[in-house]
Amino acid sequence: MKSIFRISIFLALAIPSLLMGQAKIGYVTTDAIMKQLPDAQDAQKQLDQIVVDWQGELNKLQQDWQKKFDDYEKRKLIMTEQRRVDAEKEMRELDQKIAEYRNKKFGQNGDLFMKQNELMKPVQDRVFKAIQDVALEDGFDYIFDKSGEILLMYANVKYDLTQKVLAKLTILPAAGK
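Here we summarise the structure given alongside this text. Since the model is a prediction, treat every value here as computed from it, not as a measurement. (Residues numbered from 1 in each chain as written. Predicted model: local features only at pLDDT ≥ 70, side-chain atom pairs only at ≥ 80, totals over all residues. Heavy atoms only, no water.)

Right, let's get into the overall build of the chain. Each helix and strand in the chain was counted, giving six helices and two strands. Here the chain, with 177 residues, has 24% of them falling under the buried criterion. Considering only intrachain contacts with a sequence separation of at least 6, the fraction spanning at least 24 residues in the chain is 79%. (Helix = DSSP H or I, 4+ residues; strand = E, 2+ residues; numbered from the N terminus. Buried < 20%, exposed > 50% of the residue type's maximum accessible area, 1.4 Å probe, protein only. Contact = heavy atoms within 4.5 Å.)

A separate point is the pairing of strand β2 (residues 142-145). By the alternation rule, side chains of β2 split into Tyr142 and Phe144, which are all buried, and Ile143 and Asp145, of which none is buried. In this structure, strand β1 (residues 25-28) lies alongside β2, joined through four bridges in parallel fashion. Along β2, the bridge assignment pairs Ile25 with Tyr142. (Pairing = 2+ DSSP bridges.)

Residue position: Asp71 is located in helix α3 (residues 38-75). We classify Asp71 as partly exposed; its relative accessible area is 32%. Taking the C-alpha atoms as reference points, Asp71 and Ala87, 16 residues apart in sequence, are found 9.6 Å from one another.

Let us now look at the pattern of salt bridges. Two side chains that carry opposite charge are able to pair once their charged atoms sit near each other. According to the stated counting rule, one finds 13 salt bridges in the structure shown. For Arg84, the salt bridge is made with Glu81, and the minimal N-O distance between the two is 2.9 Å. Remark: Glu81 and Arg84 occur in helix α4 (residues 81-106); sequence separation between them is three residues, near one turn of the helix. Judged by its relative accessible area of 22%, Arg84 is partly exposed. In this structure, a network of salt bridges that share partners links the residues Lys104, Lys105 and Asp111. (Salt bridge = Lys/Arg side-chain N within 4 Å of Asp/Glu carboxyl O.)

See below:
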């Protein structure tokens, strides 16, 4: 539904310029750009390490819960009613703690999202600026990202600006200059 809405908006904006004259359209593959950008790679490595650390802590909590559960299962028949209630309460609390930790670290607005935003936003802003510069310098009317939600079913490679954007970011020498 979102894609249909975006395509509709694009068509509403693009058709008038197409009727008035030939629109110059280009595309980039930001995934390819990000994979080749050293600061994006560094940021991704930092994020990966953070995820490994947090996942390790989460696994430790889950193993602790599993150990308590296994112990409870082995002993529940010989436990007093009060001890059984206490053990079940302890497991519920630990289960809640695991869920809270998972949500705090990996949830929709969790620590990972915030850290990803902190580390990747400057890189994304730099890439976006380079794309804008290339578009303005070369007179493009539209530039699409093949990596995003709006997909191109066909794209002539002569309009691929990925290498120019990389050159603008001083990663690769400019192609064709």
